[in-house]
Amino acid sequence: MNILVLGAGQLARMMSLAGAPLDLNVISYDVGSGQLLHPLTLHTVDQTLARAIADCDAITAEFEHIPDAVLSQCQASGKFYPGQEAIKVGGDRALEKALLERAGVPCASYQLITERAHLEQAIERLGLPLVIKTCQAGYDGKGQWRLRADSDVELIWAEMAAFLAADALHSIIAEPMIPFQREVSVIAVRDRAGNIAVYPVTENEHTNGVLTLSLARAVEDDIHQQAVDAVTRLAPALDYVGVLAIEFFDVDGQLLVNEIAPRVHNSGHWTQQGTLCSQFENHLRAVAGLPLGSTEAIGPSAMINVLGQAAIPAQVLSVANVTSHWYGKACRPGRKMGHINVVAGSEDLLGEKLLQLSALLPQEHYPGVARLGRELMQE
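So, how was this worked out
- Residues numbered from 1 in each chain as written.
- Predicted model: local features only at pLDDT ≥ 70, side-chain atom pairs only at ≥ 80, totals over all residues.
- Heavy atoms only, no water.
- Buried < 20%, exposed > 50% of the residue type's maximum accessible area, 1.4 Å probe, protein only.
- Helix = DSSP H or I, 4+ residues; strand = E, 2+ residues; numbered from the N terminus.
- Pairing = 2+ DSSP bridges.
- Core = buried A, V, L, I, M, F, W, Y, C linked by side-chain atoms within 4.5 Å.
- Axes fitted to C-alpha atoms, helices over the stretch in contact; angles between N-to-C directions.
- Parallel < 35°, antiparallel > 145°, perpendicular 65-115°, else oblique.
- Contact = heavy atoms within 4.5 Å.
- Nonpolar A, V, L, I, M, F, W, Y, C, P; charged D, E, K, R; others polar.
- Phe/Tyr/Trp six-rings, centres within 6.5 Å; stacked < 30°, edge-to-face > 60°.
- Expected span 1.5 Å × (residues − 1).
- Arc of directions from axis to C-beta.

Concerning the pairing of strand E7 (residues 130-134)
- Burial analysis of E7 places 5 of its 5 residues in the buried class, which makes it a mostly covered element.
- Here E7 shows no split at all, with Leu130, Ile132 and Thr134 on one side and Val131 and Lys133 on the other all buried.
- Judged from the 4 bridges that link them, E7 and strand E8 (residues 144-147) form a sheet pairing that is antiparallel. The partner of valine 131 across the bridge, within E8, is arginine 146.
- Two strands pair when backbone bridges link them, and E7 and strand E9 (residues 172-176) are joined in this way by 5 bridges, in the antiparallel orientation.

So, in structure tokens, the structure goes:
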């Protein structure tokens, strides 16, 4: 069976690796260059997108920012999962907020901004400080502003106005800065028949707006149920097929959706070793019309992002139950180059392994690993 993936980055690569044992052949479409590629070798395939669509059995996507013309072409085939609407909602914060409101899923208050008067309304209605984001662009901390005081309005508005002037198709959204205790996410998968399977809730840590650590362990029953409720409201609303990721702010036990991602997600990479059926395999199973696999955790797990490093130290493989994943991309500061997965039989043992890894990983490049290890051993 042939699967066409829109996008040719590390997520397509990991889908290809997960699909091979199931005899699912993955081919990637590089949206930027318009070329078809093998997701592992990156060798070009001498084929048009139209021909690839005709030859494949299912189409999916590894990211949200795909031109409408490509989305429409794939949607017309009747093979595109999760579909054009889901991808567009995931790539536009204004559409995302409208979906959350329709589905009755709690999220932060917001104000759309296309002119200076809207910014003043946001300040009056939502108060300061504000988190301001571009609606259709920006990720990993990019395309964002923090408005903390009235004295900063002129400078920040000048930057926002320049952005709006440069691209009239884009808009901006403002939200109050949420005093959350932690960020958590849930990875779920829905098949063509509407069956839903949910992975354990993951606790996430960010550094400079980029995910650095994910921890998968048992969480409070109420937190888990709130996450499941969000999935069971949003996935059917989009007639969703495939893996859906939802990020939340935990505010005193109340989950507020931060954003949704209509695809496999960085905070679910731990599932490669922490479960019998990873998010990548389950996504392919869903879009290919195959039965879903188990989402039960083998044990407490952690994922460490490798950002802007030329290699993962080989010594990490000396730690039991540690696996390294490399993406084969050109190295540059802050770029996601790979990740390290750790799984253990208990939280205490997971903490021990993280402390062992911290001795091999420079703190400045892998923040929080030692601290998380100590916290798990103390709990």
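Read on, since the account is not over.
Some remarks on the nonpolar core
- In terms of nonpolar packing, the biggest core is built from 30 residues, with Ile3, Val5, Met15, Val264, Phe280 and Leu284 touching the most fellow members.
- At the level of secondary structure, the elements contributing two or more residues to this core comprise strand E1 (2-6), helix H1 (10-19), strand E10 (182-190), strand E13 (210-216), strand E14 (242-251) and helix H10 (279-288).
- If you look at the next biggest cluster of nonpolar residues, it comprises 27 residues, including Val89, Ala103, Leu244 and Ile246.

A closer look at the packing of H1 against H10
- The N-to-C vectors of H1 and H10 enclose an angle of 75°; their axes lie 8 Å apart at closest approach. The angle between H1 and H10 falls in the class roughly perpendicular. Residue-level inspection shows Leu11, Met14, Met15, Ala18 and Gly19 of H1 in contact with H10, the latter providing Phe280, Glu281, His283 and Leu284.
- Taken together, the residues of the contact of H1 with H10 break down into 6 nonpolar, 2 polar and 1 charged.

With respect to the sheet that holds E7
- The strand order E6-E9-E7-E8 describes an open sheet built from 4 strands, whose pairing is antiparallel. The open sheet is flanked by strand E6 (111-113) and E8, the only strands paired with a single partner. Sheet twist, expressed as the average angle between the axes of neighbouring strands with direction ignored, equals 25°.
- With respect to the sheet, helix H6 (residues 116-126) is in contact with E6, E7, E8 and E9, its orientation differing from that of E6 by roughly 160°.

What to know about unusual backbone geometry
- The peptide bond linking tyrosine 81 to proline 82 adopts the cis configuration, its omega dihedral lying at 15°.
- Looking at the secondary structure, you find proline 82 in the loop between helix H3 (68-75) and helix H4 (84-90).
- In this structure, the amide linkage connecting leucine 128 to the following residue, proline 129, adopts the cis form with an omega of 0°.
- Along the chain, proline 129 turns up in the loop between H6 and E7.
- Phi is positive for asparagine 208, which is not a glycine, with a value near 55°.
- Here asparagine 208 shows up in the loop between strand E12 (202-207) and E13.

Regarding the packing of aromatic side chains
- Applying the stated rule across the entire model yields 3 aromatic pairs.
- Look at tryptophan 145 and phenylalanine 163: their rings are 6.4 Å apart centre to centre, the planes differ by 75°, and that puts the pair in the edge-to-face class. Here the residue tryptophan 145 occupies a position in strand E8, and phenylalanine 163 occupies one in helix H7 (residues 153-166), the gap between them amounting to 18 residues.
- Judged by relative accessible area, tryptophan 145 falls into the buried class, the value being 12%.
- For the pair phenylalanine 180 and phenylalanine 249, a centre-to-centre distance of 4.4 Å together with 20° between the ring planes defines the contact as stacked. On the criterion of sequence distance, the pair formed by phenylalanine 180 in the loop between E9 and E10 and phenylalanine 249 in strand E14 is long-range, its members being 69 residues apart.
- Here phenylalanine 249 falls in the buried class, since its relative accessible area comes to 12%.

Some thoughts on the sheet that holds strand E2 (residues 25-30)
- Ordered by their spatial adjacency, 5 strands build an open sheet running E4-E3-E2-E1-E5, and the pairing between neighbours is mixed. This sheet does not close on itself; its edge strands, each paired only once, are strand E4 (44-45) and strand E5 (58-61).
- Note: E1 against E5, 4 bridges, orientation parallel. The residue bridging valine 5 from the neighbouring strand is threonine 60, located in E5.
- Each of E1, E2 and E5 is contacted by H1, which is oriented at about 170° to E2, the strand it contacts most.
- Strands E1, E2 and E5 of the sheet are contacted by H10, whose axis makes an angle of about 140° with E5.

Examining H7
- Counted at 1.5 Å a residue, the expected span for H7 with its 14 residues is 20 Å, and the 20 Å between its end C-alpha atoms agrees.
- For H7, the complete set of buried residues consists of Val153, Ile156, Trp157, Met160 and Leu164. Burial along H7 is one-sided: seen end-on, the buried residues are contained in an arc of 100°. Away from its buried face, by an angle of more than 90 degrees, H7 presents the exposed residues Glu154, Leu155, Ala165 and Ala166.
- Against the buried residues of H7 lie E6, H6, E7, E8 and E9.

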